[in-house]
Amino acid sequence: MLIWSFLALFLLPAFGATGLLAYHGGPTHWSQWDRAVRSRLGDAALHPEARILVMSGRTRGWKGALAVHSWVVVKHANERTWRRYDVAGWGNPVRVNWWPPDLWFGEYGYVVADLKGGAAEALIPRVEAAIK
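Each value, and the rule that gives it
- Residues numbered from 1 in each chain as written.
- Predicted model: local features only at pLDDT ≥ 70, side-chain atom pairs only at ≥ 80, totals over all residues.
- Heavy atoms only, no water.
- Patch = residues over 30% accessible without salt bridge, like charges linked within 9 Å, V, L, I, M, F, W, Y side chains within 5 Å.
- Areas by Shrake-Rupley, 256 points an atom, 1.4 Å probe, with all protein chains shown as cover.
- Salt bridge = Lys/Arg side-chain N within 4 Å of Asp/Glu carboxyl O.
- Helix = DSSP H or I, 4+ residues; strand = E, 2+ residues; numbered from the N terminus.
- Buried < 20%, exposed > 50% of the residue type's maximum accessible area, 1.4 Å probe, protein only.
- Core = buried A, V, L, I, M, F, W, Y, C linked by side-chain atoms within 4.5 Å.
- Pairing = 2+ DSSP bridges.

A.B. asks: Even after reading the chapter, I still don't get a nonpolar patch on the surface, so can you show me in this structure?
C.D. replies: Where nonpolar side chains cluster on the molecular surface, the patch consists of F6, L9, F10, L11 and F15 and spans about 550 Å² of accessible area. Position of F15 relative to the elements: it lies in helix α1 (residues 2-23).

Laid out in structure tokens, this is it:
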């Protein structure tokens, strides 16, 4: 019963996601991302309140059938720029503003969490301390 449960809960969805990716032509190489795509967040100055976004996008290659890359975007109240924090690659440090705030290899990220206003302003110092 334990083996069948493991198969049903973990392996079948993994094989299904991989099969679906194969059906759609397989993964594209990371170097072939669409550079014409532009950020939908727009200029940070258009958002006067403090904001924290936690975003996620599919990884490249076959691992994208199962894995996502997540990042954090922050902005203090009345700040004119977004700050995006990523960890990409094994053992690399945190990268700052490596990509536009809401893009990952030419695709828009999904918003996992979006805090605005006073709640975001209060949490930003803790987020930045954790990043350091």
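From this point on, the discussion continues.
A.B. asks: Would you take a moment to explain the pattern of salt bridges for this structure?
C.D. replies: Opposite charge on two side chains permits them to pair, given that their charged atoms come into close proximity. Inspection of every chain in the model, using the stated rule, returns four salt bridges. Where D114 meets R51, a salt bridge forms, and the shortest distance between an N and an O atom there is 2.8 Å. In this pair, D114 sits in strand β7 (residues 110-116) while R51 sits in strand β1 (residues 51-58), placing the two residues 63 residues apart along the sequence. For D114, a relative accessible area of 32% gives the class partly exposed. Here R83 makes a salt bridge to E79, at a shortest N to O gap of 2.8 Å. Overall, the relative accessible area of 15% leaves R83 in the buried class. Members of the salt-bridge network, linked through shared partners, are E79, R83 and E128.

A.B. asks: Help me out: how do you make sense of unusual backbone geometry in this one?
C.D. replies: With the exception of glycine, most residues fall at negative phi, and the peptide bonds are largely trans. At N78, a residue that is not glycine, the phi angle is positive and equals roughly 60 degrees. Phi is positive for N97, close to 55 degrees, though the residue is something other than glycine. Looking at the secondary structure, you find N97 in the loop between β4 (95-96) and β5 (103-104).

A.B. asks: What exactly am I supposed to notice about the nonpolar core here?
C.D. replies: The nonpolar side chains of a soluble globular protein tend to be buried, and buried together. Listed in full, the ten residues of the largest apolar core are L41, A44, L53, M55, W71, V73, W82, W99, W104 and F105. Counting residues in each nonpolar core, the second largest holds seven residues, with V74, Y85, A120 and I124 among its members.

A.B. asks: Hey, could you run me through the sheet that holds β7 in this one?
C.D. replies: Sheet strands line up and pair through hydrogen bonds in the backbone, either parallel or antiparallel. Strand order in the open sheet made by the five strands is β4-β3-β2-β1-β7, with antiparallel pairing throughout. Of all the strands in the sheet, the pair left with one neighbour each is β4 and β7. As defined by bridge partners, strand β3 (residues 83-86) adjoins β4 across two bridges and the pair is classed as antiparallel. The partner of D86 across the bridge, within β4, is R95.

A.B. asks: It is not clear to me how the pairing of strand β2 (residues 68-75) should be interpreted in this structure. Could you clarify?
C.D. replies: Note that β1 and β2 share eight bridges and pair antiparallel. Its bridge partner lying in β2, I52 is registered against V74. Across three bridges, β2 lies against β3 in antiparallel orientation. Within β3, the position partnered with V73 by the bridge is R84.

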